[in-house]
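Descriptive structure summary
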Amino acid sequence: MASKFRTKDGGEVRVGDKVWARVWQESDNNPWLITQHPLDKTHLILKEIGGTEERVHHPDDLALYYYANRQAPSGG
């Protein structure tokens, strides 16, 4: 069974799930695919879907920076 990770909004995700980042301007329109790091089992790789960027993260970072579901932009 794959490990479960929490996201900023408290959702549960696993390797193979998509998450959305709302803290980086360039990532507002693309989700990120969670993949297992091939060499370091204590870290994950997030691959930008529709883009070329990859980020290496500790699983705890998901709880700080990423949402399980896309959030509507907050307007004023």
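What comes next is a walk through the structure. (Residues numbered from 1 in each chain as written. Predicted model: local features only at pLDDT ≥ 70, side-chain atom pairs only at ≥ 80, totals over all residues. Heavy atoms only, no water.)

This next bit is on the nonpolar core. Grouped together as the largest cluster of nonpolar side chains are 11 residues: Phe5, Val13, Val19, Ala21, Trp32, Ile34, Leu44, Leu46, Leu62, Tyr66 and Ala68. Sorting the residues of this core by element identifies strand E3 (18–21), strand E4 (31–36) and strand E5 (44–48) as the ones contributing at least two each. When residues no more than four places from it in sequence are discounted, the contact partners of Leu62 are Phe5, Arg6, Thr7, Lys8, Val13, Ile34, Leu44 and Leu46. (Core = buried A, V, L, I, M, F, W, Y, C linked by side-chain atoms within 4.5 Å. Buried < 20%, exposed > 50% of the residue type's maximum accessible area, 1.4 Å probe, protein only. Helix = DSSP H or I, 4+ residues; strand = E, 2+ residues; numbered from the N terminus. Contact = heavy atoms within 4.5 Å.)

So, on to the packing of aromatic side chains. Counted by the stated rule, this structure contains one aromatic pair. Aromatic side chains Trp32 and Tyr66 sit 6.4 Å apart centroid to centroid with 75 degrees between the ring planes, which places their arrangement in the edge-to-face category. With Trp32 in strand E4 and Tyr66 in strand E7 (residues 66–67), this residue pair connects regions lying 34 residues apart in the sequence. In this structure, Trp32 and Tyr66 share a single accessibility class: buried. (Phe/Tyr/Trp six-rings, centres within 6.5 Å; stacked < 30°, edge-to-face > 60°.)

Buried residues dominate E5, accounting for four of its five residues. The pairing of E4 with E5 spans five bridges and is antiparallel. Paired with Ile34 across the strands is Leu46, a residue of E5. Remark: five residues form the turn of the hairpin made by E5 and strand E6 (residues 54–57), two consecutive strands paired antiparallel; Gly50 in that turn has positive phi of roughly 85 degrees. (Pairing = 2+ DSSP bridges.)

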